[in-house]
Amino acid sequence: MAQNPKISLQNDFEEDISNKLLDEGVREKSVLEPSLDISLQYAKSSNNPYLPWHDYFMSLCYLTAARSKDPNTKVGACIVDKDNRVVSMGYNGMPRGINDNDLPWSKTGANSYDTKYPYVCHAEMNAILNERHTTLDDCSLYVSKFPCCECAKLIIQSGIKRVVFSELKPDPWEEQVPTRKMFSLTGVSCRKFIPTIHQLSLNVTDGVGSVSITK
């Protein structure tokens, strides 16, 4: 029996994307891993623990995500230029000027407009739109969850060239394919965050803050 053309096309597409991502991963790994290894070795040998750049930027994402009013999903994003300077941050929330209690936060409803999805601005969107004075060309975006396809379009259009995400959303693979395909076709590097520290604790007591790092 002849194979369904649609199924054949989908299989070819997924195989092509997987192979391309694998090839990119190999090339990227050879470039990025030495610097991560050096950072990790230096951190382990140091008597004064510090945050390597990648851990620092992703930690800012986690901290920024705590600003979100979404009771189910809190996401933070941080945009960094080529000199490791933070140029913008953002978290998921309702559009500016709308009270957080005026629109639904529910993931389900009788109609699509009874859910949060038509209204919420994603963390990546807010981070991109919050920066109004500096070009984002050749910047990197750190985000606590894998970007959706709509945010991927904004990332590409803004000129951001590198994306580092911490967590994959529990979506089916086919919902990630558009993002991965667009990044692949436009040369936007996308890789999963690999922490070099075990735990970062922020303590604030009587207005005095302290940070402890566990390797």
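Structural notes, computed from the coordinates. (Residues numbered from 1 in each chain as written. Predicted model: local features only at pLDDT ≥ 70, side-chain atom pairs only at ≥ 80, totals over all residues. Heavy atoms only, no water.)

Scanning the entire structure with this criterion turns up seven salt bridges. Between Asp138 and Arg162 there is a salt bridge, with its nearest N and O atoms 3.2 Å apart. Of the two residues, Asp138 is situated in the loop between helix 3 (123-130) and strand 3 (140-145) and Arg162 in strand 4 (residues 162-167); the sequence distance between them amounts to 24 residues. In this structure Asp138 comes out as partly exposed when scored by relative accessible area, which is 35%. Of the charged contacts, one joins Glu167 and Lys145 as a salt bridge, the two residues approaching to 2.9 Å between their closest N and O atoms. Separated by 22 residues along the polypeptide, Glu167 in strand 4 and Lys145 in strand 3 bring together distant segments of the chain. For Glu167, a relative accessible area of 39% puts it in the partly exposed group. Shared partners join several salt bridges into a network, and the residues in it are Asp81, Asp83 and Arg85. (Salt bridge = Lys/Arg side-chain N within 4 Å of Asp/Glu carboxyl O. Helix = DSSP H or I, 4+ residues; strand = E, 2+ residues; numbered from the N terminus. Buried < 20%, exposed > 50% of the residue type's maximum accessible area, 1.4 Å probe, protein only.)

Bringing the nonpolar core into the picture now. Within the largest apolar cluster, 19 residues are counted, with the highest numbers of intra-cluster contacts made by Ile79, Leu136, Leu141, Val143, Ile155, Ile160 and Val163. Secondary structure elements with two or more residues in this core: strand 1 (76-80), helix 3, strand 3, helix 4 (149-158) and strand 4. For Leu136, the contacting residues outside a window of four places in its chain are Ile79, Val87, Ile128, Glu131, Ser158, Gly159 and Ile160. Counting nine residues, the second largest nonpolar core, distinct from the first, contains Cys78, Tyr142, Val164 and Phe193. (Core = buried A, V, L, I, M, F, W, Y, C linked by side-chain atoms within 4.5 Å. Contact = heavy atoms within 4.5 Å.)

Glancing now at a nonpolar patch on the surface. A cluster of nonpolar side chains, Leu63, Leu200, Leu202, Val204 and Val211, forms an exposed patch at the surface whose accessible area comes to about 460 Å². The dominant element in the nonpolar patch, judged by the number of residues it contributes, is strand 6 (residues 199-205), at three residues. (Patch = residues over 30% accessible without salt bridge, like charges linked within 9 Å, V, L, I, M, F, W, Y side chains within 5 Å. Areas by Shrake-Rupley, 256 points an atom, 1.4 Å probe, with all protein chains shown as cover.)

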